[in-house]
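Below, each chain spelled out in residue letters.
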Amino acid sequence: MSDAIRLHPQVEPFFDKDTGTFTYVVYEGEGGAAAIIDPVLDYEPAGARISTASADALLAFVRGKALQVTWILETHAHADHLSAAGYLADILQAQVAIGRGIVQVQERFKVLFGLGEEFIADGRQFDRLLVDGDQFAIGALPVRVIATPGHTDDGLTYVIGDAAFIGDTLFAADSGTARTDFPGGDAHRLFASIQKILALPADTRIFLCHDYPGTRREAEPLTSIAAQRAGNAHLKDGVDESAFVQLRQQRDATLPVPRLILPALQVNIRGGRLPEPDANGVRYFRLPLDQMGDAR
């Protein structure tokens, strides 16, 4: 494989408008190795119905390009959508990876959801737990892991050649940055994490996990370090840590609880798998009352 391909992987974005989430297929080229980053499992909350249309679109693309998916990579345990990692891993025989901080996330939400001893909060639900500086490969594509917590304990950025998949850290420049008011979130840590991203080479392609453009423009999967430095609504050049933390905390205090946080976390701390069925064959989500946010 040429150095050009290793340094400039192919990236195909998929946008889930319902949750504002980008999923990516990163691959060497047609017929080569690939990874899927942050896949979405469709969920209709009023009827509590699961479907796999978004994940099946990924499978159709993978099969159309004859790709061998070896990894399913989570940038963190998402609060805004359910992960399709388990569904895809079973079909593709791929490994699922996430940051080692998922253990802290599991410990917190095991308590919140009142999960029993059958749920063990040690990350075993994933194939690999990654830490800052870890390296592995997607075929011949080198992957470097940067720990980027602040939104959550387990936040990771995956640097694959000249592409960086940054999870919930930066958004499109006109939208600013990720919230830090979830359990384990911290605006100081997010500031430090963003500095790591902005220190990447200037030509790095920055792929966003989310975009919420409303009606003002189309959703944008890609940003640049230059665009973020020049115009990020929360953290452009010249904004110091104390100013950012004050702005971030003030904004967080106004934000509603994410619409899907309670079902999403019950799936996502399990490696993208649904709770086991009860004796009657029915799966259930648990909804702790009066525990999330306030009555805005």
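Everything below is about the structure shown above.
Thresholds applied
- Residues numbered from 1 in each chain as written.
- Predicted model: local features only at pLDDT ≥ 70, side-chain atom pairs only at ≥ 80, totals over all residues.
- Heavy atoms only, no water.
- 1 Å grid on protein atoms, 1.4 Å probe; cavity = no way out; pocket = protein on both sides within 12 Å on 5 of 7 lines; lining within 4 Å.
- Points joined across faces, edges and corners; volume = space filled by probe spheres on them.
- Nonpolar A, V, L, I, M, F, W, Y, C, P; charged D, E, K, R; others polar.
- Helix = DSSP H or I, 4+ residues; strand = E, 2+ residues; numbered from the N terminus.
- Expected span 1.5 Å × (residues − 1).
- Buried < 20%, exposed > 50% of the residue type's maximum accessible area, 1.4 Å probe, protein only.
- Arc of directions from axis to C-beta.
- Contact = heavy atoms within 4.5 Å.

Examining empty space enclosed by the protein
Here is step 1 of the chain: All chains considered together, the criterion is met by two cavities of 30 Å³ or more.
Here is step 2 of the chain: Every residue along the wall of the largest cavity is listed here: A77, A79, V105, F109, T152, F182, P183 and L265.
Here is step 3 of the chain: Residues of the lining of the largest cavity, tallied by class, amount to seven nonpolar, one polar and no charged.
Here is step 4 of the chain: Estimates place the volume of the second largest cavity at around 40 Å³.
Here is step 5 of the chain: Taken together, T75, H76, T148, H151, T152, G155, L156, I166, G167, D168 and T169 make up the lining of the second largest cavity.
Here is step 6 of the chain: For the lining of the second largest cavity, a count of residues per class yields two nonpolar, eight polar and one charged.

A closer look at the layout of surface pockets
Here is step 1 of the chain: There is about 610 Å³ of room inside the largest pocket.
Here is step 2 of the chain: Lining the largest pocket are 25 residues, and of these R270, R273, L274, P275 and E276 sit closest to its centre.
Here is step 3 of the chain: Of the residues that constitute the lining of the largest pocket, the class distribution is ten nonpolar, six polar and nine charged.
Here is step 4 of the chain: As a volume, the second largest pocket reaches approximately 480 Å³.
Here is step 5 of the chain: What lines the second largest pocket is a set of 23 residues, and nearest its centre among them are D80, F171, R179, Y212 and P258.

Brief notes about helix α7 (residues 241-252)
Here is step 1 of the chain: Between its terminal C-alpha atoms α7 stretches 16 Å, which fits the 16 Å expected from twelve residues at 1.5 Å a residue.
Here is step 2 of the chain: Listed as buried for α7 are F244, V245, R248 and D252. Looking straight down α7, one finds that the buried residues subtend no more than 100° of arc, so they occupy a single side.
Here is step 3 of the chain: Its buried side turned inward, α7 meets α5 (187-198).

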